[in-house]
Amino acid sequence: MSQDNKNKAVLILIKPDGLKKSLTGNILTRLSETKLEIVAAKMVRVSRELAEEHYRHLRDKPFFPELIKYIQGELHNRRKVMALIYWGEDAIRKCRAIAGSTNPEEAEPTTIRGSYGRILTTGLYENVIHVSSDEKEAEREIKLWFRPDEIIVDLYPTKEVVEKECKHKVWL
Ligand code: DAT
Ligand code: MG
């Protein structure tokens, strides 16, 4: 199963600036041009741990502390992101093409980042969405943001565990 999924899954995050600017519909419409399938979606309140793990490859960069604040919504007073998994042939390349370059000033004007991104006076790129950069990162990020039962297809191998005395909420 997982081999069939090679290069097929990608994590998308609509970042707090995208939500604040009411761009959700717009972004989903742009991404629908890819003809990929949405196989998971949710709103997430991003913890510091999740933020730091997600951006761990950038932890030595001078902009890292601000990047963590950004993805946690502290720069936009919107403490949430929308997380989605798109699935289908060549998903990463297709989504990154529509997202545009990391630097919004260098991104093609017709891309999502080129249209809606900006550079803060501090130098941080405020670029509206996250798209996994390659297959390895996609797998790492998807496993970080989603549990297997939140995804409607089997992307990666799973195992069953029985958790005893694990407290969780159920509907009253
Ligand atoms: P991408 O999001 O295109 O995969 P990345 O993983 O290298 O790019 O960086 C993650 C985020 O960090 C990026 O979306 C915006 C910010 N960022 C990256 N490089 C930056 C830089 N040189 N200056 C300011 N912000 C940067
Ligand atoms: Mg990246």
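Residues numbered from 1 in each chain as written. Chains lettered and ligands numbered in written order. Predicted model: local features only at pLDDT ≥ 70, side-chain atom pairs only at ≥ 80, totals over all residues. Heavy atoms only, no water.

Undergrad: What's the story with the pattern of salt bridges in this structure? I'm lost.
TA: Pairs may arise between side chains of opposite charge once their charged atoms sit close together. According to the stated counting rule, one finds twelve salt bridges in the structure shown. Notably, a salt bridge pairs glutamate 33 with arginine 30, separated by 2.9 Å at the nearest N-O pair. Glutamate 53 is the partner of arginine 140 in a salt bridge, and the nearest nitrogen-oxygen pair spans 3.8 Å. Highlighted residues: arginine 140 in helix 7 (residues 135-145) and glutamate 53 in helix 3 (residues 48-54), separated in sequence by 87 residues. Glutamate 53 gets classed as partly exposed once you look at its relative accessible area, which sits at 32%. A network of salt bridges, in which partner residues are shared, links Lys42, Arg147, Asp149 and Glu150. (Salt bridge = Lys/Arg side-chain N within 4 Å of Asp/Glu carboxyl O. Helix = DSSP H or I, 4+ residues; strand = E, 2+ residues; numbered from the N terminus. Buried < 20%, exposed > 50% of the residue type's maximum accessible area, 1.4 Å probe, protein only.)

Undergrad: I'm lost on the packing of aromatic side chains in this one. Help?
TA: Two numbers describe a pair of aromatic rings. These are the distance of the centres and the angle of the planes. According to the stated counting rule, one finds zero aromatic pairs in the structure shown. Directly above the aromatic system of phenylalanine 146 lies the positively charged group of lysine 42, at a separation of 4.5 Å from the ring centroid. (Phe/Tyr/Trp six-rings, centres within 6.5 Å; stacked < 30°, edge-to-face > 60°. Lys NZ or Arg CZ within 6 Å of the ring centre and 35° of its normal.)

Undergrad: Whenever I open this one, the pairing of strand 3 (residues 81-87) confuses me. Can you help?
TA: Put simply, side chains in a regular strand alternate between the two faces of the sheet. Most of strand 3 sits inside the fold, with six of its seven residues counted as buried. Where strand 1 (residues 9-14) and strand 3 come together, six bridges link them in antiparallel fashion. Residue pairing across strands places isoleucine 12 opposite leucine 84, the latter belonging to strand 3. Across seven bridges, the pairing between strand 2 (residues 37-44) and strand 3 is antiparallel. (Pairing = 2+ DSSP bridges.)

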